[in-house]
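Below, each chain spelled out in residue letters.
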Amino acid sequence: MEDHEKLQGYIVKHKEAGLIIKEVASEIKMISINAAIEAAHAASGIKTLMEKVLDVQMTTNCRMLARIIEAGGLLMDSSEIIKFAGWIGVDDIFVTDGDGVTIGSNYPEAYGWRFPDDPNAQAYVFRSLIETKDGVVTQSIQARDLDNAMYKFVGVSRIDEPGIVQIGYRAETISQYQAEVGTVFGVLADAISALGIKVTTSAREMKEITQELESILKEKSG
């Protein structure tokens, strides 16, 4: 009789535990759904977020480069600028004279290329930096005038003399960054979903054990 009561009490506790696990599984399922929704929202907002982050980062790098040029710490030699571009992790660097003619770049073919006077040209907006002392121009991804390759550029005014200091990222580089950030949100949603599946499985197993114990109890009662 005592064993019978113990078994019955155990079954009751088992049922209660099963209900709790079931509730937790339901909550986790809702969390995973919300996480997936947030991941989708995040993915759509990553482009805007990355644009703002890159504007700040690229402006900082441009200003640092302008100060290094002012201090005479960087020769307008392609090989030197290639090394510097690799060091700060940018795809392109352009430095111009007071007429907007490129006198320094990690892109050898750019030497002698002049930032255009045509207001409709991609690079035209950067010419305003020649006339200002502390100007900043940020530009979204678009085909550049030099070769129609897709780039995002940011430029600042030279400090030592009139001119432009500009750095750029290829569209492919930016897309890669966006994909990496988006993956983080996706992994989080997947992990929560996997946890929900595990808890749901545990709840089902708990229910099966409870049913088995109830069957044993009925047999003993009979």
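Structure first, text after, so check above.
(A) Up close: the overall build of the chain. Helix and strand counts for the chain stand at three helices and six strands. When the helices and strands of the chain are listed from N to C terminus, the series reads α-α-β-β-β-β-β-β-α. Going through the 222 residues of the chain one by one, you find that 37% of them count as buried. Taking the contacts inside the chain whose residues are at least 6 apart along the sequence as the reference set, 58% of them involve residues at least 24 apart. Carbon and sulfur atoms form 57% of the exposed surface of the chain, whose accessible area is close to 13000 Å².

(B) Seen up close, the packing of aromatic side chains. This structure, assessed with the given rule, holds six aromatic pairs. Ring centres of F94 and F115 lie 6.5 Å apart, and the angle between their planes is 85 degrees; this geometry places the pair in the edge-to-face category. Placement of F94 in strand β1 (residues 92-96) and of F115 in the loop between β2 (102-105) and β3 (136-138) is noted, with a sequence separation of 21 residues between them. F94 sits in the buried class, given a relative accessible area of 2%. Considering the side-chain rings of W113 and F115, the 5.0 Å spacing of their centres and the 55 degrees angle between planes classify their relative orientation as tilted.

(C) Looking closely at the pairing of β2. One ladder, built from three bridges, connects β1 with β2; its direction is antiparallel. By the bridge assignment, V95 is partnered in β2 with G104. Following β1, the chain reverses through five residues before pairing antiparallel with β2; G100 in that reversal takes a positive phi of roughly 85 degrees.

(D) Structural detail: the pairing of β1. Counting buried residues along β1, five of its five residues qualify, which places the element largely inside the surrounding structure. Both faces of β1 are covered, namely the face carrying D92, F94 and T96 and the face carrying I93 and V95.

(E) Quick peek at unusual backbone geometry. Unlike most non-glycine residues, N148 shows phi in positive territory, near 70 degrees. Positionally, N148 belongs in the loop between β4 (142-143) and β5 (150-157).

(F) Highlighting the nonpolar core. The biggest cluster of nonpolar side chains holds 20 residues, and the ones touching the most others in it are L65, V90, I93 and I167. Contributions of two or more residues to this core are made by α1 (2-70), α2 (78-88), β1, β5 and β6 (164-170). The element that contributes the greatest number of residues to this core is α1, accounting for six residues. Setting aside anything within four residues of it in sequence, one finds V90 in contact with N61, A85, I167, G168 and Y169. Grouped together as the second largest cluster of nonpolar side chains are eleven residues, A110, L129, V137 and I164 included.

(G) Expanded view of the pattern of salt bridges. Evaluation of the coordinates by the stated rule reveals ten salt bridges. Of the charged contacts, one joins D91 and R170 as a salt bridge, the two residues approaching to 3.5 Å between their closest N and O atoms. Taken together, the positions of D91 in the loop between α2 and β1 and R170 in strand β6 put the pair 79 residues apart, joining distant regions of the chain. Its salt-bridge partner being R114, residue D99 comes within 3.1 Å of it at the nearest N-O pair. With D99 in the loop between β1 and β2 and R114 in the loop between β2 and β3, this residue pair connects regions lying 15 residues apart in the sequence. On the accessibility criterion, D99 (37% relative accessible area) is partly exposed. Each of D99, R114, D117 and R127 takes part in a single network of salt bridges with overlapping partners.

Conventions and cut-offs
Residues numbered from 1 in each chain as written. Predicted model: local features only at pLDDT ≥ 70, side-chain atom pairs only at ≥ 80, totals over all residues. Heavy atoms only, no water. Helix = DSSP H or I, 4+ residues; strand = E, 2+ residues; numbered from the N terminus. Buried < 20%, exposed > 50% of the residue type's maximum accessible area, 1.4 Å probe, protein only. Contact = heavy atoms within 4.5 Å. Areas by Shrake-Rupley, 256 points an atom, 1.4 Å probe, with all protein chains shown as cover. Phe/Tyr/Trp six-rings, centres within 6.5 Å; stacked < 30°, edge-to-face > 60°. Pairing = 2+ DSSP bridges. Core = buried A, V, L, I, M, F, W, Y, C linked by side-chain atoms within 4.5 Å. Salt bridge = Lys/Arg side-chain N within 4 Å of Asp/Glu carboxyl O.

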